[in-house]
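Next come the chains, spelled out residue by residue.
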Amino acid sequence: MPADKYTWRPAEGVRSISEVYLHMATVAFFYPQFLGTPPPAGFDPRTFPTSTTDKAKIVASLKDAFA
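Per chain, residue numbering runs from 1 following the sequence as it is written. It should be noted that, the model being predicted, local features are given only for residues of pLDDT at least 70 and side-chain atom pairs only at 80 or more, the latter also being counted only at that level, while totals for whole chains, interfaces and linings use all residues. Remark: hydrogens and water are excluded; side-chain values derive from all non-hydrogen atoms of the structure.

Draft legend 1. Structural context of the packing of aromatic side chains. Two aromatic rings, drawn from Phe, Tyr or Trp (for Trp, its six-membered ring), form a pair once their centres lie within 6.5 Å of each other, and the interplanar angle then sorts them: stacked below 30 degrees, edge-to-face above 60, tilted otherwise. Per the counting criterion, the structure on display carries seven aromatic pairs. On the basis of an interplanar angle of 80° and a centroid distance of 5.9 Å, the ring pair of F29 and F48 is categorised as edge-to-face. Placement of the pair is F29 in helix α1 (residues 17-30) and F48 in the loop between α1 and α2 (55-66), with a sequence separation of 19 residues. Taken individually, F29 and F48 each receive the classification buried, so the pair is uniform in this respect. Helix and strand definitions here come from DSSP, where helices need a minimum of 4 consecutive H or I residues and strands a minimum of 2 consecutive E residues; each element is numbered from the N-terminal end. Residue exposure (1.4 Å probe, protein chains only): buried if accessible area is under 20% of the type maximum, exposed if over 50%, otherwise partly exposed.

Written out as structure tokens, the structure reads:
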């Protein structure tokens, strides 16, 4: 996905591409805590999906979340 498309959203009130990717990372960071694995320090699942639109940061977050 080209970096210039990360802010695209199909309609008003719908998550953008970056928000969808960060939502996926949020789930991967957040749910393991129920099995005893804490999320990263300072992680806030309420604000994380809208924290950035930078492709490099989003890709890094996805890799970290699924590692």
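After that view, the rundown keeps rolling.
Draft legend 2. Structural view of the nonpolar core. Core analysis: the biggest nonpolar cluster contains eleven residues, these being Y6, I17, L22, A25, A28, F29, F43, F48, I58, L62 and A65. Taken together, the elements giving at least two residues each to this core come down to α1 and α2. Examining the composition of this core, we find that five residues originate from one element, α1, more than from any other. By definition in these notes, contact holds between two residues if any of their heavy atoms fall within 4.5 Å. Every residue in contact with F48, bar those within four places of it in the chain, is listed here: L22, A25, T26, F29, F43 and S61. To form a nonpolar core, buried Ala, Val, Leu, Ile, Met, Phe, Trp, Tyr and Cys residues must be joined to one another through side-chain atoms within 4.5 Å.

Draft legend 3. Focus on the packing of α1 against α2. Fitted lines through C-alpha atoms give the axes, limited to the stretch in contact for helices. The angle between two N-to-C directions lies from 0 to 180 degrees. Direction vectors running N to C along α1 and α2 enclose 25°, while the axes themselves pass 8 Å from each other. Taken together, the axes of α1 and α2 are roughly parallel relative to one another. Helix-helix and strand crossings are classified by hand; for α1 and α2 the assignment is left-handed. Contact residues: S18, Y21, L22, M24, A25, A28 and F29 in α1; I58, S61, L62, D64, A65 and F66 in α2. Across the contact of α1 with α2, the residue classes break down as ten nonpolar, two polar and one charged. For classification purposes, an angle smaller than 35 degrees is called roughly parallel, one larger than 145 roughly antiparallel, one from 65 to 115 roughly perpendicular, and anything else oblique. We call a crossing left-handed when the near helix sits turned anticlockwise from the far one by less than a right angle, and right-handed when that turn is clockwise. Each residue is assigned to one class: nonpolar for Ala, Val, Leu, Ile, Met, Phe, Trp, Tyr, Cys and Pro, charged for Asp, Glu, Lys and Arg, and polar for all the others, Gly among them.

Draft legend 4. Up close: α2. To estimate the expected span of a helix, count its residues, drop one, and scale the result by 1.5 Å. In this model, α2 (twelve residues) spans 17 Å end to end at C-alpha, consistent with the 16 Å of a helix rising 1.5 Å per residue. Inspection of α2 places I58, S61, L62 and A65 among the buried residues, and these make up the whole buried set. Each buried residue of α2 sits inside an arc of 100° when the element is viewed along its axis, so together they form one side. In α2, the exposed positions angled more than 90 degrees off the buried face are occupied by A56, K63 and D64. Those residues of α2 hidden inside the fold are in contact with α1. Regarding the arc, it is the one traced by the directions from the helix axis to the C-beta atoms.

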